[in-house]
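# A look at the structure
What follows is each chain in one-letter form.
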Amino acid sequence: MDRFVTRDTPLSNIDLDDLPWDPAKRKNILSYHPNQRDEVRRKYLSRGPCQPRGHNFKKTAIGGVLRRFNPKWFDKYGDWLEYSVEKDKAFCLCCYLFRDQAQNQGGSDCFVSTGFCGWNKGLDQHVGSDVNSFHNNAKRKCEYLMRQGLPFRGHDESDESVNRGNFLELLKYTAGQNESVRKVVLNNAPKNNQMTSPPIQKDIVHCFSEEVTKSIIEEMDNDVFGLLVDESADVSDKEQMAVVFRFVDKYGLVKERFVGIIHVKETSSISLKYAIDSLFAKYGLSLKQVRGQGYDGASNMKGEFNGLRSLILKEIGKKHFEVGEFFDMISFLMNVVGASCKRKDLIRENYRKIVEEGISNGEIKTGTGLNQEISLQRPGNTRWGSHYKTLLRLVELFSFVVKVLEYIQDEGTDSTKRQQAYGILKYFHTFDFVFYLHLMLFVLGLTDSLSKALQRKDQDILNAISLVESTKSQLQKLRDDGWGTFMAEVSSFCEKNDIGFVIVEEEFVDSRRPRKKTGITTLHHYKVDCFYNVLDMQLQEFNDRFDEVNSELLVCMSSLSPIDSFRQFDKSLLMRLAEFYPDDFSPMERKSLDLQLEIYLDNVKRDERFVDLKSLGDLARVMVETRKHLSHPLVYRLLKLSLIVPVATATVERCFSAMTFVKTTLRTKHYYKRISDKTIPRHE
């Protein structure tokens, strides 16, 4: 009997988001299970054709003439034409999705499997003049499928529910405010067309996300851009990669726009490269358009402005045992004190009493915004300055924190917390704690201005370089001349809080090896092994990460600066800068740039509107406003290339902050595509 029974091919699990983008890499649509074909078709249609706009299309000799794929065909046949970068051939998305068993019907097989490369013939022959041609029939099927959609299983959100969810409640509220809307939604709509099921809600969010992303791609206008990438774990401990594009818009304004979150199973360079390739293919972009890349702590352009928090906390903490121990104890403190509302309230209440006594005695002034309630602030993973604020609060609330720790040690019900409180109290009453607390306050305080400046969206690379140099100068000044001031702060804190001060003339005893003689004084240990060592490590890290500050590229960029009536302008350096971008300036264009630079300088110096400009961003904006970007297009192109060099990944960090509102501990099953769909409209 088995030979008379027809069995379907077993259903296999397919990941719709892993379907290949390149048309040459796709398998035949008929090879999918019949129950999966509609899902695959809908996924490809929602993605759209693979159109790598901006790609440098390969030239091929045809009939003795060099010919290539015409990128203008993307505009003429934008709803079906695809191009394979791997094979340098054209394909048809509609014919691929709805081809039948017949081969070579109306040229369909050429545009489905083997690919078309007859660039001298054009594509009208494939479309055909007959409205019932294979291609036109396939195209109509695609349009019908997109209009109808696929059936989804709905969710029970009954009328008796107290809270039917944000979507339905908002729809109900809107219907109550607008009579025209009320007549066609919810119970007044046909029962089979209410458009309120959870899948429909997801589709609406996805449409919003796609429209926002589409507007960003259109705003880029197929121009060059910088790529900023960072990865972070979400609340479910899944690695998510956020991607931001940095570009100059048509008004001469520098923009950093968030384009999506991608789940990566591993953080290897190959995995991240594959994820970026997929994103570029989705939106028809090419890696050849990328002119600058920034990755937090792992940039192929050395990431000079990235990972500042890691630079200070992790690198020094790894290399200096005492600094690492200090931050471990701060972390323990936040877990012991900050984990309980009651303990936080104890700190606030004690602080309030001291403030009230000071006000009644006339020692503390009153006024709007003064004497606000404060408590210990837990440092954030994506905020560079939060650790500095935590230490500042600890100094201000130190006596109150000690009282709370003593209360936990004596009255706590959890033995683990009591032991932790005892250990923290013991450490807090040591000279080492006070020394490293103030040392980190000095270091973080000097770098705080740089951290805040690099988080600004309008920061350009020349201003960032200046801030880096100033910060390095202040750190060097602290190392050379700051020991006396530093020790005065440490001594004052010890005296105020009854903490023992070390005798600097005595021989230093290493707590890890108390029986072994060190042969150095206590002064030498804290001044040389600790103070000088930490600052030297900090300066060395700056020199390692910011070694491009004195590089030829950045020196050339500084010649574009409009400060002091273009005082730094140097024609030879700008010509050298153009040589760094051979894909953007051909030999003939470099010759034209040589002549255009002199005219440009004379022109802008005579124009009062270019007086008092402070940055490259201001220069680009004013050039567009005065239409001089059309008079000096090559100079403006050089300016744009300088502006899109990534300065910091702060924008990517903000995307992760937005993600924490979308995927919370109560919504841990969000798939990464849904996270991206919700985060893009929220952030942009």
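Residues numbered from 1 in each chain as written. Predicted model: local features only at pLDDT ≥ 70, side-chain atom pairs only at ≥ 80, totals over all residues. Heavy atoms only, no water.

### Quick look at the overall build of the chain
Looking only at helices and strands, one finds 29 helices and 8 strands in the chain. Contacts in the chain between residues far apart in sequence, at least 24 positions, make up 67% of those at least 6 positions apart. For the chain, the exposed area adds up to about 36,700 Å²; of that, 49% sits on carbon and sulfur atoms. (Helix = DSSP H or I, 4+ residues; strand = E, 2+ residues; numbered from the N terminus. Contact = heavy atoms within 4.5 Å. Areas by Shrake-Rupley, 256 points an atom, 1.4 Å probe, with all protein chains shown as cover.)

### A look at the nonpolar core
Membership of the largest hydrophobic core comes to 60 residues, with the highest contact counts inside it found for Phe326, Leu394, Leu405, Phe428 and Phe435. Here phenylalanine 435 is in contact with Trp483, Phe486, Met487, Val490, Tyr526, Cys530 and Phe531, once residues within four sequence places are set aside. (Core = buried A, V, L, I, M, F, W, Y, C linked by side-chain atoms within 4.5 Å. Buried < 20%, exposed > 50% of the residue type's maximum accessible area, 1.4 Å probe, protein only.)

### Brief notes about helix 19 (residues 483-496)
Under the 1.5 Å per step criterion, the end-to-end length of helix 19 is 20 Å for 14 residues, consistent within 8% with the ideal 20 Å. Among all positions of helix 19, only Trp483, Phe486, Met487, Val490, Phe493 and Cys494 are buried. Taken around the axis of helix 19, the buried residues stretch over an arc of 120°, which confines them to a single face. Pointing more than 90 degrees away from the buried face of helix 19 are the exposed residues Glu495 and Lys496. Directly after helix 19, the chain includes aspartate 498, whose backbone phi takes a positive value near 55°. (Expected span 1.5 Å × (residues − 1). Arc of directions from axis to C-beta.)

### Some points on the packing of helix 13 (residues 341-360) against helix 15 (residues 398-411)
For any two helices packed against each other, the geometry is given by the interaxial angle and the distance between the axes. In contact at an axis separation of 9 Å, helix 13 and helix 15 are set at 135° when each is read in the N-to-C sense. With respect to helix 15, the axis of helix 13 lies oblique. Between helix 13 and helix 15 lies a crossing whose hand is right-handed. Together, Lys342, Arg343, Leu346, Ile347, Asn350, Tyr351 and Ile354 of helix 13 and Phe400, Val401, Lys403, Val404, Tyr407 and Ile408 of helix 15 make up the contact between the two elements. (Axes fitted to C-alpha atoms, helices over the stretch in contact; angles between N-to-C directions. Parallel < 35°, antiparallel > 145°, perpendicular 65-115°, else oblique. Left-handed = near helix turned anticlockwise from the far one by under 90°.)

### Description of the packing of aromatic side chains
Enumeration according to the criterion identifies 37 aromatic pairs in this entry. Centre to centre, the rings of phenylalanine 69 and tryptophan 119 are 5.5 Å apart; their planes meet at 85°, and the pair counts as edge-to-face. Linking phenylalanine 69 in the loop between strand 2 (65-67) and helix 2 (73-76) with tryptophan 119 in the loop between helix 4 (108-114) and helix 5 (124-127), this pair joins segments that are 50 residues apart in sequence. Judged by relative accessible area, phenylalanine 69 falls into the buried class, the value being 0%. Look at phenylalanine 428 and phenylalanine 433: their rings are 4.3 Å apart centre to centre, the planes differ by 25°, and that puts the pair in the stacked class. Using a relative accessible area of 0% as the deciding quantity, one classes phenylalanine 428 as buried. Through pairs of rings, three or more aromatic residues link up here, namely Phe57, Phe69, Trp73, Phe74, Tyr77, Trp80, Tyr83, Phe111, Phe116 and Trp119. Note that arginine 26 overlies the ring of tyrosine 96, its terminal NZ or CZ placed 5.6 Å from the centroid. Lying over the aromatic face of phenylalanine 580, arginine 576 brings its terminal NZ or CZ to 4.7 Å of the ring centre. (Phe/Tyr/Trp six-rings, centres within 6.5 Å; stacked < 30°, edge-to-face > 60°. Lys NZ or Arg CZ within 6 Å of the ring centre and 35° of its normal.)

### A look at the environment of aspartate 583
One can find aspartate 583 in the loop between helix 23 (571-579) and helix 24 (587-606). Assessed through its relative accessible area of 70%, aspartate 583 is described here as exposed. In this structure, the C-alpha to C-alpha distance between aspartate 583 and asparagine 56, residues 527 residues apart in sequence, is 9.9 Å.

### Examining the pattern of salt bridges
The full count for this structure, using the stated rule, is 22 salt bridges. Between arginine 609 and aspartate 607 there is a salt bridge, with its nearest N and O atoms 2.9 Å apart. Aspartate 607 gets classed as buried once you look at its relative accessible area, which sits at 11%. In this structure, the salt-bridge partner of lysine 628 is aspartate 607, at a minimum N-O distance of 3.6 Å. With lysine 628 in helix 26 (residues 628-631) and aspartate 607 in the loop between helix 24 and helix 25 (616-625), this pair connects stretches of sequence that are 21 residues apart. Under the relative-accessibility criterion, lysine 628 is labelled buried at 9%. Among the charged side chains, a salt-bridge network with shared partners connects Glu219, Asp249, Lys255 and Arg257. (Salt bridge = Lys/Arg side-chain N within 4 Å of Asp/Glu carboxyl O.)

### Considerations on the side chain of glutamine 596
Its place among the elements puts glutamine 596 in helix 24. Looking at glutamine 596, its side chain comes within polar contact range of the main-chain nitrogen of leucine 634, at 3.1 Å. A distance of 3.3 Å separates a polar atom in the side chain of glutamine 596 from the backbone nitrogen of valine 635. In this structure, glutamine 596 is in contact with Ser631, His632, Pro633, Leu634 and Val635, ignoring residues within four places of it in sequence. (Polar contact = N/O pair within 3.5 Å; in protein donor to acceptor, adjacent residues only side chain to side chain.)

### Regarding the side chain of arginine 246
In this fold, arginine 246 is placed in strand 6 (residues 239-248). Within the local environment of arginine 246, its side chain forms a polar contact with the side chain of glutamate 256, the two groups lying 2.6 Å apart. A distance of 2.8 Å separates the side chain of arginine 246 from the backbone oxygen of leucine 643, its partner in a polar contact.

### Here's the deal with the confidence of the model for the chain
Here the chain averages 75 in pLDDT, while 74% of its residues score no lower than 70. This model gives residues 1-9 a pLDDT under 50, and the stretch forms 3 contacts once residues within four places in sequence are excluded. The model gives residues 297-318 a pLDDT under 50, and that stretch makes 68 contacts with residues more than four places away or in other chains. (pLDDT = per-residue confidence, 0-100.)

### Comments concerning the pairing of strand 3 (residues 81-84)
Both faces of strand 3 are covered, namely the face carrying Leu81 and Tyr83 and the face carrying Glu82 and Ser84. Bridge count between strand 3 and strand 4 (residues 89-92): 4 bridges; the pairing is antiparallel. By the bridge assignment, tyrosine 83 is partnered in strand 4 with alanine 90. If you look at the hairpin formed by strand 3 and strand 4, you'll find 4 residues sitting between the two strands, and aspartate 88 has a positive phi there, around 55°. (Pairing = 2+ DSSP bridges.)

### Description of the environment of leucine 444
In this fold, leucine 444 is placed in helix 17 (residues 431-454). Judged by its relative accessible area of 6%, leucine 444 is buried. Between the C-alpha atom of leucine 444 and that of lysine 389, which follows or precedes it by 55 residues, the distance is 9.4 Å.

### Observations regarding helix 23
Listed as buried for helix 23 are Leu574, Met575, Leu577 and Ala578. Angularly, the buried residues of helix 23 cover 155° about the axis, an arc narrow enough to put them on a single face. Lining the buried residues of helix 23 we find helix 21 (552-558), helix 24 and helix 27 (633-643).

### Overview of the packing of helix 24 against helix 27
It is the contact of helix 24 with helix 27, at a shortest axis distance of 8 Å, that shows an interaxial angle of 95°. Overall, the two elements helix 24 and helix 27 adopt an arrangement that is roughly perpendicular. Of helix 27, the residues touching helix 24 (which contributes Glu589, Ser592, Leu593, Gln596, Leu597 and Tyr600) are Pro633, Leu634, Val635, Arg637 and Leu638. Class assignment for the residues of the contact of helix 24 with helix 27 results in 7 nonpolar, 2 polar and 2 charged. (Nonpolar A, V, L, I, M, F, W, Y, C, P; charged D, E, K, R; others polar.)

### Looking at the environment of asparagine 222
Mapped onto the secondary structure, asparagine 222 falls in the loop between helix 9 (198-220) and strand 5 (225-233). Leaving out residues up to four positions away in the same chain, asparagine 222 has contacts with Arg53, Ile217 and Gln289.

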